[in-house]
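Take a look at the letters that make up each chain.
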Amino acid sequence: MKLLKTLAPAAALIALPSLGLAQDGPTPGVNASTDSVFIFNSLLFLIGGFLVFWMAAGFAMLEAGLVRSKNVTMQLTKNVALFSLAAIFYYLIGYNLMYPLGTWSIEGVLSGVWGPGVLEAVGVTADAADDYSYASTGSDFFFQLMFCATTASIVSGTLAERIKLWPFLIFTIMLTAIIYPLQASWKWGGGFLDEAGFLDFAGSTVVHSVGGWAALTGAIILGPRIGKYKDGRVTPIPGSNLTLATLGTFILWLGWFGFNGGSQLAMGTVGDVADVSRIFANTNTAAAGGAIAALITSQLLFKKPDLTMILNGALAGLVSITAEPLTPSLGAATLIGAVGGVIVVFAIPFMDKLKIDDVVGAIPVHLICGIWGTIAVVFTNSDASIGTQLYSIVVVGVFTVVASAVVWFILKAIMGLRVDEETEINGLDMAELGMEAYPEFSKG
Amino acid sequence: MKGTNVKLIIATIKPFKLEEVREALTEAGVRGMMVTEIKGFGSQSGHTEIYRGAEYAVNFVPKIKLEIVVAASMADQIVETITKTAQTGKIGDGKIFVLDVQQAIRVRTGETNEDAL
């Protein structure tokens, strides 16, 4: 250490004359301050990124709790596999498809950068950093990858208990490699929706509605679970473990601080760190508003509060605030979340009326509240225009539905999407995996 | 076979009444009972619940089944005790059946009938 210390100034002078000059020059604070912006921005991405990563655990627990015990192992398998596939395919194709950095092959629509994401060199210096005024590429990639994986997580819950493992995983690849990054480039990559003035802070539309549209398309093509809709009546299929579902919801709630807070994309100034703080507080209160609204609405509507709907309500609040978590006051954020909470309680039975079997309520939570949250931006952000918001919702919706439907239909034709009747009734765990989540309990 | 002076009392009661009934029966001199968690329906014939906004029928209602073997001389008193303590006056309070027991044996000693209780 001592040797290094004595050598360091000399080495710095030789290798990095500019840095040495700045340290000795008349404005010693400038480089240090730019460094700290780079460092704090990168730190925000890393902390936000691992919080959003943890949402994968939240989705896994929520879904494990809301499926029957005979399908729990399969649901967990899908969750681990989909996250890992998202990580690989976002690296291989998605990252550069989503962030063309101005190099378009079709202006504003299709990235001109193809191929795997590349990180900065080991021990990169300020001069060689890809964007010294912003953040490290590694932190940016890590953070953005988590959003892509979140989109894929949304789909698995809706289609639970009846879809085969492999077609689901192939769909996940198409979603995370192409469908999600392509439409995300239109907004976050600086494409035509961004040019049009579309505002979607952390992705009510770009992430949540896209997962929701893909899930909706899949649910319609796949059909409902056996016995769910019989003789014009809805047969409830209660989940196996509401403790896990509740834990999953709290994990998602925690992860959302990274999801929305990290989307400030900057933490190097007083203003930015204050904004990140506002976002954390608003995100939290929107979830609380959604949960309480669902508690009260389900009590009034069904005479008893329904825990599964309260959990959906908290998530609905979170999705609703995601398009604009910065500008609302705490009161406005609570109300935006609360409206989301009311929406899900009405939307869940409505989906049943349409005979769309959504096992965990992902379509009401992520799609319908994603649309609501995107519209709600206009209430607190004067830069938003309702026309542009609606236009963007429709563009992203039509694209995702068409692209997803094409993939689902091709998979259906080639390998079939559904397990056979016997497998579905016996449970996917034993039939497809040969192992159960709770082998010491008898069949129920 | 000669009849014994031993009766089997089968009672179905509401689960929340179990502890009260057990205390009353112990006080009345009952020295053993068998308890089973069961499901079934009688005149109460189930009810409906709501899960995620969809109504569904609960056709089998959870109950507790007690099986008590006592000397015939005690049977009426036991039945009365159960009736009194398990009663709420609302539908679904349960039923009591009294049967003759042909033979009762204590495994440890081989004692029979009333001596086996």
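On a predicted model such as this, the values are computed, not experimentally measured, just so you know.

Reading guide: rules and limits
Residues numbered from 1 in each chain as written. Chains lettered and ligands numbered in written order. Predicted model: local features only at pLDDT ≥ 70, side-chain atom pairs only at ≥ 80, totals over all residues. Helix = DSSP H or I, 4+ residues; strand = E, 2+ residues; numbered from the N terminus. Rg over C-alpha atoms; globule rule 2.2 N^0.38 Å. Pairing = 2+ DSSP bridges. Axes fitted to C-alpha atoms, helices over the stretch in contact; angles between N-to-C directions. Contact = placed C-beta atoms within 7 Å. Expected span 1.5 Å × (residues − 1). Bend = angle between axes of the 7 residues up to and from the residue. Buried ≥ 20, exposed ≤ 12 C-beta atoms within 10 Å, placed from the backbone. Left-handed = near helix turned anticlockwise from the far one by under 90°. Nonpolar A, V, L, I, M, F, W, Y, C, P; charged D, E, K, R; others polar. Core = buried A, V, L, I, M, F, W, Y, C linked by C-beta atoms within 7 Å. Parallel < 35°, antiparallel > 145°, perpendicular 65-115°, else oblique. pLDDT = per-residue confidence, 0-100.

**A word on the overall build of chain A**
No. 1: Broken down by element type, chain A carries 16 helices and four strands.
No. 2: Computed over C-alpha atoms, the radius of gyration of chain A comes to 23 Å, within 12% of the 22 Å expected from 2.2 N^0.38 for 444 residues, which places it in the range of a compact globule.

**Re the sheet that holds strand β1 (residues 6–13) of chain B**
Neighbouring strands of a sheet are bound in pairs by backbone hydrogen bonds; such pairs are parallel or else antiparallel.
Residues and elements named next belong to chain B.
No. 1: The strand order across the open sheet built from four strands is β2-β5-β1-β6, with neighbouring strands paired in antiparallel fashion. Looking along the sheet, the strands with just one partner apiece sit at the ends: β2 (34–40) and β6 (96–100). In this sheet, adjacent strand axes meet at a mean angle of 25° when their direction is disregarded.
No. 2: Bridge count for β1 against β6 is five bridges, and the pairing is antiparallel. When the bridges of β6 are listed, Lys-7 appears paired with Asp-100.
No. 3: In this fold helix α2 (residues 72–86) packs onto β1, β5 (61–71) and β6, with an angle of close to 10° to the strand it touches most, β1.

**Details of the pairing of strand β4 (residues 54–58) of chain B**
All names here are of chain B.
No. 1: Note: strand β3 (residues 47–51) against β4, five bridges, orientation antiparallel. Looking at the pairing, Thr-48 lines up with Ala-57 of β4.
No. 2: Connecting β3 to the antiparallel partner β4 that follows it, the hairpin turn spans two residues, and Arg-52 within it adopts a positive phi of roughly 50°.

**Here's the deal with helix α13 (residues 362–380) of chain A**
All names here are of chain A.
No. 1: The end-to-end C-alpha separation of α13 is 26 Å, in line with the 27 Å expected for 19 residues at 1.5 Å each.
No. 2: A bend of about 30° at Cys-369 is the largest found in α13.
No. 3: Buried residues dominate α13, accounting for 15 of its 19 residues.

**Regarding unusual backbone geometry**
Residue and element names in this part refer to chain A.
No. 1: Here Glu-161, not a glycine, exhibits a phi torsion of approximately 75°, which is positive.
No. 2: Topologically, Glu-161 is positioned in the loop between α5 (137–158) and α6 (165–187).
No. 3: Taking the number of C-beta atoms within 10 Å as the measure of exposure, Glu-161 has 22 and is therefore buried.
No. 4: In this structure, Asp-231 is a non-glycine residue whose phi angle is positive, near 50°.
No. 5: By the element assignment, Asp-231 lies in the loop between β3 (229–230) and β4 (233–234).
No. 6: The class of Asp-231 is exposed, set by 5 C-beta atoms lying within 10 Å.

**A look at the packing of helix α4 (residues 72–98) of chain A against α6(A)**
Residues and elements named next belong to chain A.
No. 1: Interaxial distance between α4 and α6 falls to 8 Å at its minimum, and their mutual angle equals 35°. In this structure, α4 meets α6 at a crossing whose hand is right-handed.
No. 2: Taken together, the residues of the contact of α4 with α6 break down into 21 nonpolar, five polar and one charged.

**A word on the pairing of β5(B)**
Residues and elements named next belong to chain B.
No. 1: Taken together, the eight bridges between β1 and β5 define a ladder with antiparallel strand orientation. Residue Ile-13 lies in a different strand from β5, and its bridge partner there is Ile-64.
No. 2: Of the strand pairs in this sheet, β2 and β5 are connected by seven bridges, and their pairing is antiparallel. Of the residues in β5, the one forming a bridge with Thr-36 is Lys-65.

**Considering the environment of Glu114(B)**
Residues and elements named next belong to chain B.
No. 1: Residue position: Glu-114 is located in the segment after β6.
No. 2: Owing to 14 C-beta atoms within 10 Å, Glu-114 belongs among the partly exposed residues under this scheme.
No. 3: A sequence separation of eleven residues divides Glu-114 from Gln-103, and the C-alpha atoms of the two residues are 9.4 Å apart.
No. 4: Not counting the four nearest positions on each side in its chain, Glu-114 is found in contact with Asn-5, Val-6 and Ala-71.

**Describing the interface of chain A and chain B**
No. 1: Every contact between the two is made by twelve residues of chain A and, on the other side, six residues of chain B.
No. 2: Contributing elements (two or more residues each) for the side of chain A that touches chain B: α11 (307–322) and α12 (330–353) of chain A.
No. 3: In terms of residue count, α12(A) provides more of the side of chain A that touches chain B than any other element does, three residues in total.

**Observations regarding helix α14 (residues 386–414) of chain A**
Residue and element names in this part refer to chain A.
No. 1: Along its 29 residues, α14 runs 42 Å from first to last C-alpha, staying within 8% of the 42 Å computed at 1.5 Å per residue.
No. 2: The set of residues buried in α14 consists of Gln-389, Ser-392, Val-396, Gly-397, Thr-400, Ala-403, Ser-404, Val-407, Trp-408 and Leu-411.
No. 3: Within two residues after α14, Gly-416 carries a phi angle of roughly 80°, on the positive side.

**Side note on the nonpolar core**
No. 1: Ranked by internal contacts, the top residues of the largest apolar core, which has 122 residues, are Ala215(A), Leu318(A), Ile343(A) and Val344(A).
No. 2: If one sorts the elements of this core by residue count, helix α3 (residues 29–66) of chain A sits on top with 13 residues.
No. 3: The contact partners of Val344(A), leaving out residues within four places of it in the chain, are Ala294(A), Met309(A), Asn312(A), Gly313(A), Ala316(A), Gly361(A), Pro364(A), Val365(A) and Cys369(A).
No. 4: Counting residues in each nonpolar core, the second largest holds 13 residues, with Leu66(B), Ile68(B), Val70(B) and Ile78(B) among its members.

**A look at the packing of α11(A) against α12(A)**
All names here are of chain A.
No. 1: Running from amino to carboxyl end, α11 crosses α12 at an angle of 130°, the nearest separation of the two axes being 7 Å. Taken together, the axes of α11 and α12 lie oblique to each other. Relative to α12, α11 is oriented so that their crossing is right-handed. Every residue of α12 that contacts α11 at Met-309, Asn-312, Gly-313, Ala-316, Gly-317, Val-319, Ser-320 and Ile-321 is listed here: Ala-333, Ile-336, Gly-337, Ala-338, Val-339, Gly-340, Gly-341, Ile-343, Val-344, Val-345 and Ile-348.
No. 2: Taken together, the residues of the contact of α11 with α12 break down into twelve nonpolar, seven polar and no charged.

**Quick look at the environment of Gly397(A)**
Residue and element names in this part refer to chain A.
No. 1: Turning to its location among the elements, Gly-397 is positioned in helix α14.
No. 2: Judged by C-beta crowding, with 20 C-beta atoms within 10 Å, Gly-397 ranks as buried.
No. 3: For Gly-397 and Ser-84, which are 313 residues apart along the polypeptide, the C-alpha to C-alpha distance reads 26 Å.
No. 4: Beyond its immediate stretch of four places on either side in the chain, Gly-397 contacts Ser-209 and Trp-213.

**Details of the confidence of the model for chain B**
No. 1: The predicted model of chain B has a mean per-residue pLDDT of 91, with 97% of residues at 70 or higher.
No. 2: Among the prediction metrics, the complex's ipTM stands at 0.71, with pTM recorded as 0.85.

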